[in-house]
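The chain contents come next:
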Amino acid sequence: MFNPEIETMPREQLRQLQFERLKKTVELVYENVPFYKQTFKEKGLQPGDLKSLDDLKLLPFTVKQDLRDNYPFALFAVPMSEVVRVHASSGTTGKPTVVGYTQNDIDIWAELIARCVAMAGGGKGDVIQVAYGYGLFTGGLGLHYGAERLGATVIPISGGNTRRQLMLMKDFGTTILCCTPSYALFLGEEAAEEGIDLINGQIKAGIFGAEPWSENMRKELEKVMGIKAYNIYGLSEIMGPGVSMECECQCGMHIMEDCFIPEIIDPETGETLPYGSKGELVFTTIAKEAFPLIRYRTRDISVLREEKCGCGRTFVRMERVMGRTDDMLIIRGVNVFPSQIESVLLEIGETEPHYLLVVDRQGNLDNLEVWVEVSEKMFSDEVRKLEELEKKLRHEIASVLGISAKIKLVEPKTIPRSEGKAKRVIDKREL
Amino acid sequence: MKVQQISVFLENKSGRLATLTDVLGKAGINIRALSIADTSDFGILRLIVNQPEEAFRILKEAGFTASLTDIIAVEVKDEPGGLAAILKILESAGINIEYLYAFLEKSSNDALVVFRVEQIEDAINLLTKNNVNLLKGAEVYKL
Ligand SMILES: [Zn+2]
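Here the residue numbering is sequential within each chain, running from 1 through the sequence in written order. To read the labels, note that chains go from A and ligands from 1, taken in the order they are written. Reporting in this predicted model follows two pLDDT cut-offs: at least 70 for local features of residues, and 80 or more for side-chain atom pairs to be given and counted; totals over whole chains, interfaces and linings ignore these cut-offs and use all residues. The basis for the side-chain values is all heavy atoms of the structure; hydrogens and waters are excluded.

*Asks:* I tried to follow the overall build of chain B on my own but got confused; where do I start?
*Replies:* Here a helix means four or more residues in a row that DSSP labels H or I, a strand means two or more in a row labelled E, and each is numbered from the N terminus. Counting its regular elements, chain B contains five helices and seven strands. Tracing chain B from N to C terminus, the helices and strands come up as β-α-β-β-α-β-α-β-β-α-β-α. In this treatment the radius of gyration is a C-alpha quantity, and the globule benchmark scales as 2.2 Å times the residue count to the 0.38 power. The C-alpha radius of gyration computed for chain B amounts to 16 Å, which stays within 12% of the reference 15 Å derived for 143 residues, consistent with globular compactness. Dimensions of chain B, computed from C-alpha atoms along their principal axes, come out at roughly 40 × 30 × 25 Å. By residue count, 48% of the 143 residues in chain B fall in the buried class. In what follows, a contact means two residues having at least one pair of non-hydrogen atoms within 4.5 Å. Pairs at least 24 residues apart make up 69% of the contacts formed inside chain B by residues separated by at least 6 positions. To be clear on the numbers: accessible area is Shrake-Rupley with a 1.4 Å probe, and residue cover counts the displayed protein chains and nothing else. Of the roughly 6900 Å² of accessible surface on chain B, 48% is carried by carbon and sulfur atoms. Charge-centre separation for chain B: the mean point of 15 positive side chains lies 3 Å from the mean point of 19 negative side chains. Throughout this description, buried means an accessible area under 20% of the type-specific maximum (1.4 Å probe, protein chains only), exposed means over 50%, and partly exposed covers the range between. Under this rule, positive means Lys or Arg and negative means Asp or Glu; His and the chain ends count for nothing. In plain terms, the charge of a residue is placed at NZ if it is Lys, CZ if Arg, CG if Asp and CD if Glu.

This is the structure in structure tokens:
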């Protein structure tokens, strides 16, 4: 255990710590973020009204749209001169969601990841292959600094280039692999094809996340790689990876409650639900300086469990994310909203675009196909012009989503409509 | 001298062409000429019919994406080099041919060919001047 004092803190004491930190965060955002001063005022609230941890539920929610409305830096609670790093995730309308970190935030994040890697059995002497993307995405750099903090050896290989991944895995003696579960399965398959024996190799664990997966995939990964496969959870708005992580008991992900307060709410009414109920996950950050968020609605559906865990940690656990309250898809680790496709079609002059996202998994890689109904406006009598349209759509969609998609032009009324509202997504992946 | 042609977007899946011809047949529309240009994913069906405006309306009602375009219907001597002679005339004037296809039936002893060109007025003037016979829309529709 990386930080036993914190990770096994008695819950009463932990709640006290949370309350102290929550008060500080609320004061910080009230004083420094005009958006929060405004939303608190609308609720007739002042920081002093917070009398106990349970009063958290009085505070207003923050939603993704608020982040977009305050693009790029208006939700930051410190001057930009204090911000040492920004990350960004793809946005639904072309503009990304931007998050910032002070040096202190980066240090805390590294500690959280160090705890996560330790949960997966990592420590000094381990060789950690970080095959999450490096860059604006939080996955690569997040795991990187945490693994270094732990004193492990980091291979910052980033995503892609499967042959090189396998070569370094073998030659450098990787013991822990970090990437999306679908990419891990793909690596496993390729290794088998190239005659690389992972099962009897050095690799012992995988830290997998950034996309939904299942117990079946875990079994498969553990079998083909001869490892223990761990689930890690996070979202850039809250911190990045490391918001929660599975311990060796593999019975849900411990939420780093000294830094984040989780809640489960009814997505319809916004009412806070007791532990054990299924609902939307909401997080309040209580240890962040640059980009604190109050009651951020993740749109992820899960359940919180407070029963004691065999590992001795006292942090509550969240179950594997079971779905979304919106129509977001995660494809190859990238967040995709149907509205992003819509924005591209509107931009090329369609007034009422009809489209469908079809996601499939071939082998272990996700494929996205975008069906677009050809309207009279798009239609041309010449094949060349339609092919140009296809190419333009492919290009624009790739630049907005950050991943490539196959474009399929289809006849009108091909896309199923229910009660006049078109179905936007068909997800054929079986996880 | 312009003739109206209907172009329809078709996905490459079985039965679509049959459905379309069935829709037209039931409405009493006769097809005079047709051609399909296709890629691996979709095709464009081009049709010359006896009542283009009516056919266009019916196809739209049936949920097809269609458009009306102007083409010229050219009589080509049914002998070796007949088509080449006409292509040469157009080429020498720099008139670009998008595509062409033949009618199912002949008008007389000559073959009848549909030309879709970018500069349709120029092509009409040029061909007429060179004594090439073009059919009027009304003549084509009632073939
Ligand atoms: Zn545990």
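*Asks:* How should I be thinking about the overall build of chain A in this particular structure?
*Replies:* Helix and strand counts for chain A stand at 11 helices and 23 strands. In summary, chain A has a C-alpha radius of gyration of 22 Å against a globular reference of 22 Å for 431 residues, a match within 12%. Relative to its full complement of 431 residues, chain A shows a buried share of 56%. At a minimum sequence separation of 6, the contacts of chain A that also span at least 24 residues come to 65%. Total accessible area on chain A stands at roughly 18000 Å², and carbon and sulfur atoms take up 50% of it. Side chains of chain A carry 53 positive and 64 negative charges; the gap between the two charge centres is 1 Å.

*Asks:* Would you mind going over the coordination of the zinc ion with me for this structure?
*Replies:* Residue and element names in this part refer to chain A. Looking at the zinc ion, the protein donor atoms are Cys247 (SG), His254 (NE2), Cys309 (SG) and Cys311 (SG), and they sit 2.0 to 2.2 Å from it. Its four donor atoms give the zinc ion angles of 101 to 114° at the centre, a pattern that matches the tetrahedral case. Between consecutive donors of the zinc ion, the numbers of intervening residues give the motif C-x6-H-x54-C-x1-C. Separated by 64 residues along the polypeptide, Cys247 in the loop between β8 (240-246) and β9 (253-255) and Cys311 in the loop between β13 (296-305) and β14 (317-318) bring together distant segments of the chain. As a rule, N, O and S atoms within 2.8 Å of a metal are its donors, except that Na, K and Ca use 3.2 Å; water is not among the atoms, so sites may look incomplete. Geometry assignment treats four donors as tetrahedral when all angles are between 85 and 135 degrees, treats four as square planar and six as octahedral when opposite donors are over 155 degrees apart and all others between 65 and 115, and treats everything else as irregular.

*Asks:* What am I meant to see in the packing of helix α8 (residues 181-193) of chain A against helix α9 (residues 215-225) of chain A here?
*Replies:* A pair of packed helices can be characterised by two numbers: the angle between their axes and the separation between those axes. All names here are of chain A. In this analysis an axis means a line fitted to C-alpha atoms, helices contributing only their contacting stretch, and an angle means the value between N-to-C directions, from 0 to 180 degrees. Contact pair α8 / α9: the axes reach a minimum separation of 10 Å and the direction vectors enclose 35°. Judged by the twist between their axes, the crossing of α8 over α9 is left-handed. Along the contact surface, α8 presents Pro181, Ser182, Ala184, Leu185, Leu187 and Gly188, while α9 presents Met217, Glu220, Leu221, Val224 and Met225. Across the contact of α8 with α9, the residue classes tally to eight nonpolar, two polar and one charged. Note on convention: near helix rotated counterclockwise from far helix by under a right angle means a left-handed crossing. Clockwise means right-handed. Amino acids outside the nonpolar list (Ala, Val, Leu, Ile, Met, Phe, Trp, Tyr, Cys, Pro) and the charged list (Asp, Glu, Lys, Arg) are all regarded as polar, and Gly is one of them.

*Asks:* In this structure, what is going on with the pattern of salt bridges? I would like to understand it.
*Replies:* Side chains that differ in charge, positive against negative, can pair when their charged atoms come close. Residue and element names in this part refer to chain A. A carboxyl oxygen of Asp or Glu within 4 Å of a side-chain nitrogen of Lys or Arg is what we treat as a salt bridge. Summed over all chains, the structure comprises 37 salt bridges over all chains. The salt bridge partner of Asp366 is Arg429, with a shortest N-O separation of 2.9 Å. Here the residue Asp366 occupies a position in strand β19 (residues 365-373), and Arg429 occupies one in the segment after β23 (425-427), the gap between them amounting to 63 residues. The same class applies to Asp366 as to Arg429, namely buried.

*Asks:* Is there a simple way to explain the environment of Gln340 of chain A in this structure?
*Replies:* Residue and element names in this part refer to chain A. Secondary-structure assignment places Gln340 in helix α10 (residues 338-347). The class for Gln340 is buried, based on a relative accessible area of 1%. Sequence separation between Gln340 and Glu271 is 69 residues; the distance between their C-alpha atoms is 30 Å.

*Asks:* Help me out: how do you make sense of the domain arrangement of chain A in this one?
*Replies:* One frequently used descriptor of interface size is the decrease in accessible area upon assembly of the parts. Residues and elements named next belong to chain A. Each assigned domain of chain A is listed here: domain 1 (80-326) and domain 2 (331-427). The centre of domain 1, based on its C-alpha atoms, is set 30 Å off from the matching centre of domain 2. Contacts between domain 1 and domain 2 engage 14 residues on the former and 13 residues on the latter. Each partner contributes to the roughly 1100 Å² buried at the junction of domain 1 and domain 2, and carbon and sulfur atoms together form 51% of this total. Throughout, the edges of the domains are those of an automatic or database domain assignment. Simply put, the buried area is the total loss of 1.4 Å probe accessible area from both parts when two parts are fitted together.

*Asks:* Explain the sheet that holds strand β20 (residues 406-410) of chain A to me, please; I cannot follow it from the model alone.
*Replies:* Strand pairing in a sheet is mediated by backbone hydrogen bonds. Such pairs are either parallel or antiparallel. Residues and elements named next belong to chain A. Across the sheet, which stays open at both edges, the four strands sit in the order β20-β19-β18-β23 with mixed pairing between neighbours. Two strands lie at the open edges of the sheet, namely β20 and β23, each paired on one side alone. Averaged over neighbouring strand pairs, the angle between their axes works out to 20° when direction is ignored. Two strands form a pair only when DSSP identifies at least two bridges running between them. Bridge analysis of strand β18 (residues 355-362) against β19 gives eight bridges, and the strand direction is antiparallel. Residue pairing in the sheet places Arg361 in a bridge with Asp366 of β19. Those strands touched by helix α11 (residues 383-401) are β19 and β20, and its axis lies near 135° from that of β20.

*Asks:* Looking at this structure, how should I read the interface of chain B and chain A?
*Replies:* Taken together, the contact pairs 25 residues of chain B with 19 residues of chain A. Roughly 1700 Å² of surface becomes buried between chain B and chain A when both sides are summed, with 53% attributable to carbon and sulfur atoms. For the chain B face of the interface with chain A, the top three residues by lost area are Phe9, Glu11 and Thr65 of chain B, together amounting to 33%. Linking chain B with chain A are seven salt bridges, by the criterion used here. Under the rule applied, a polar contact is a pair of N or O atoms within 3.5 Å (in protein, one hydrogen donor and one hydrogen acceptor; residues adjacent in sequence only if both atoms are side-chain atoms). Across the contact surface, chain B and chain A share nine residue pairs in polar contact (both at pLDDT 80 or more). Examining the composition of the side of chain B that touches chain A, we find that six residues originate from one element, strand β1 (residues 2-11) of chain B, more than from any other. For the side of chain B that touches chain A, a count of residues per class yields 10 nonpolar, seven polar and eight charged.

*Asks:* Even after reading the chapter, I still don't get helix α1 (residues 16-26) of chain B, so can you show me in this structure?
*Replies:* It helps to recall that an α-helix has 3.6 residues per turn; residues three or four apart then point in one direction. Residue and element names in this part refer to chain B. When we look at burial in α1, the residues that qualify are Arg16, Leu20 and Leu24. Viewed end-on, α1 has its buried residues packed into an arc of 65°, placing them on one side of the element. Buried residues along α1 sit against β1, β2 (31-38), β3 (42-49) and α2 (52-61). In the segment just after α1, Gly28 is the residue with positive phi, at about 75°. When we speak of the arc, we mean the arc of directions from the helix axis to the C-beta atoms.

*Asks:* For this particular structure, what's the right way to read the packing of helix α2 (residues 11-32) of chain A against helix α3 (residues 34-42) of chain A?
*Replies:* Residue and element names in this part refer to chain A. Following both chains from N to C, one finds α2 and α3 inclined at 105°, their axes separated by 5 Å at the closest point. Judged by the inter-axis angle, α2 sits roughly perpendicular to α3. Contacts from Val26, Val29, Tyr30, Glu31 and Asn32 in α2 reach Pro34, Tyr36, Lys37, Phe40 and Lys41 in α3. Grouping the amino acids of the contact of α2 with α3 by side-chain chemistry returns six nonpolar, one polar and three charged. Roughly parallel here means an angle under 35 degrees, roughly antiparallel means over 145, roughly perpendicular means 65 to 115, and every remaining angle is called oblique.

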